[in-house]
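# Residue-level structure breakdown
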Amino acid sequence: MTDLATRLPKAELHIHIEGSLEPEMMLRLARRNDVALAFGSVAEIRAAYAFTKLDDFLALYYQGMSVLRTAQDFEDLAWAYFVRADADTVRHAEIFFDPQGHLPRGVSFDAVMQGLTAAAARAERELGITSRLIMCFLRHLDEADAERILDLALAHNETHGPGIAGVGLDSSELGHPPAKFRNVFRRARDEGFRLVCHAGEEGPPAYVWEALDVLGVDRIDHGNRALEDPALVRRLAADRMPLTVCPLSNLRLCVVDDLGAHPIRRMLEAGLVASVHSDDPSYFGGYVGDNFAALQAAIGLTDAECRMLVRNSFRASFLPDAAKDRHLAAVDAAP
Ligand code: HPA
Ligand code: ZN
């Protein structure tokens, strides 16, 4: 990473907490919880990380998360992430989690929430990192399933205070367009949740249009394929619609052939509010700092581009304006 990208404060807006499960922790939790895994060593797990498309990765991702069973497991997972994020000068994180990947295994919604919020409180206290949670609906399941998980989130927020700031849509994209979830997103918006949606990672530009026009999202996650549609690019730029872009994820899932061909510079040049994030750092070869370093090596980000990308990350966050302004001033002040 350039010295500048290393120093600059950042907001991490596209991190699936289950995708930060490192192989060492996977093995440790499998032993602790007596969960049978198909892998016996870190080397075997890493050897399985050879993907040609999103669904290859997702199969492994759901296997990996099977070791997460107790509130303590979720707290350990999230705390390890915050410590790692601190090393990359992340000052604010908006963290995805996938409750529908846990409930069918007998893990309670409250156990997931208890573990994640305990780690978040500790991160704010000990590291000064603020965070919010974004609950994702698994789009390969049906909308009724998503409605049930939204009910649980509402009940949790009522009992324990607003732990969840927003909802998102993740998992297998092709064949599962955003419009499939129009009713549950409308209800989430009416209940005060912010809305984000993975779109245009493998799916066509039409899915990005749907995320905007049918769901009414506040941010697009990925959005790479929007570049195929000039009218869509104009719309995204005019709306100042943030795109949370994940270069190493794009490389590992073959969304781009090599990072030299990554569209991040074209996105900025087109006036898009793009920022750089890590997606599933354990599975894709690195955290947000590694993503900057890889871009740096491949396309030589300029200092101005680095500053623009981290400024965009704070602008696109769900922080209150006063906190955004403080972070933006810190970016400007970084030598
Ligand atoms: N895309 C879609 N769903 C996901 C991802 C991703 O990169 N990571 C975890 N769930
Ligand atoms: Zn993602």
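We now turn to the structure provided with this report. (Residues numbered from 1 in each chain as written. Chains lettered and ligands numbered in written order. Predicted model: local features only at pLDDT ≥ 70, side-chain atom pairs only at ≥ 80, totals over all residues. Heavy atoms only, no water.)

### Section: the sheet that holds strand E6 (residues 219–222)
- In spatial order, the strands read E1-E2-E3-E4-E5-E6-E7-E8; together these eight strands make up an open sheet with parallel pairing. The sheet terminates laterally at strand E1 (10–16) and strand E8 (273–276), the two strands that pair on one side only. Averaged over neighbouring strand pairs, the angle between their axes works out to 25 degrees when direction is ignored. (Pairing = 2+ DSSP bridges. Helix = DSSP H or I, 4+ residues; strand = E, 2+ residues; numbered from the N terminus. Axes fitted to C-alpha atoms, helices over the stretch in contact; angles between N-to-C directions.)

### Quick word on the packing of helix H15 (residues 303–315) against helix H16 (residues 321–333)
- Orientation of H15 relative to H16, taken along the N-to-C sense of each, is 170 degrees, at an axis distance of 9 Å. Taken together, H15 and H16 sit at an angle that is classed as roughly antiparallel. Counting all contacts with H15, which are made through Arg-307, Val-310, Arg-311, Phe-314 and Arg-315, the residues of H16 involved are Lys-324, His-327, Leu-328, Val-331 and Asp-332.
- Residues that form the contact of H15 with H16 fall into these classes: four nonpolar, one polar and five charged. (Parallel < 35°, antiparallel > 145°, perpendicular 65-115°, else oblique. Contact = heavy atoms within 4.5 Å. Nonpolar A, V, L, I, M, F, W, Y, C, P; charged D, E, K, R; others polar.)

### Regarding unusual backbone geometry
- One non-glycine residue, His-222, lies in positive phi territory at about 80 degrees.
- Residue placement: His-222 occurs in strand E6.
- Although it is not a glycine, Cys-254 adopts a positive phi angle of roughly 60 degrees.
- With respect to the secondary-structure elements, Cys-254 resides in the loop between helix H11 (247–252) and helix H12 (264–269).

### Things to note about the pattern of salt bridges
- By the definition in use, this model includes 20 salt bridges.
- Across the pair Arg-187 and Asp-151 runs a salt bridge, and its minimum N-O distance is 3.0 Å. Here Asp-151 lies in helix H7 (residues 143–160) and Arg-187 lies in helix H8 (residues 182–190), a separation of 36 residues in the sequence.
- Residue class for Arg-187 comes out partly exposed when judged on its relative accessible area of 24%.
- Between Arg-311 and Asp-332 there is a salt bridge, with its nearest N and O atoms 2.7 Å apart. Placement of the pair is Arg-311 in helix H15 and Asp-332 in helix H16, with a sequence separation of 21 residues.
- Each member of the salt-bridge network shares a partner with another, and the members are Glu-22, Glu-24 and Arg-46. (Salt bridge = Lys/Arg side-chain N within 4 Å of Asp/Glu carboxyl O. Buried < 20%, exposed > 50% of the residue type's maximum accessible area, 1.4 Å probe, protein only.)

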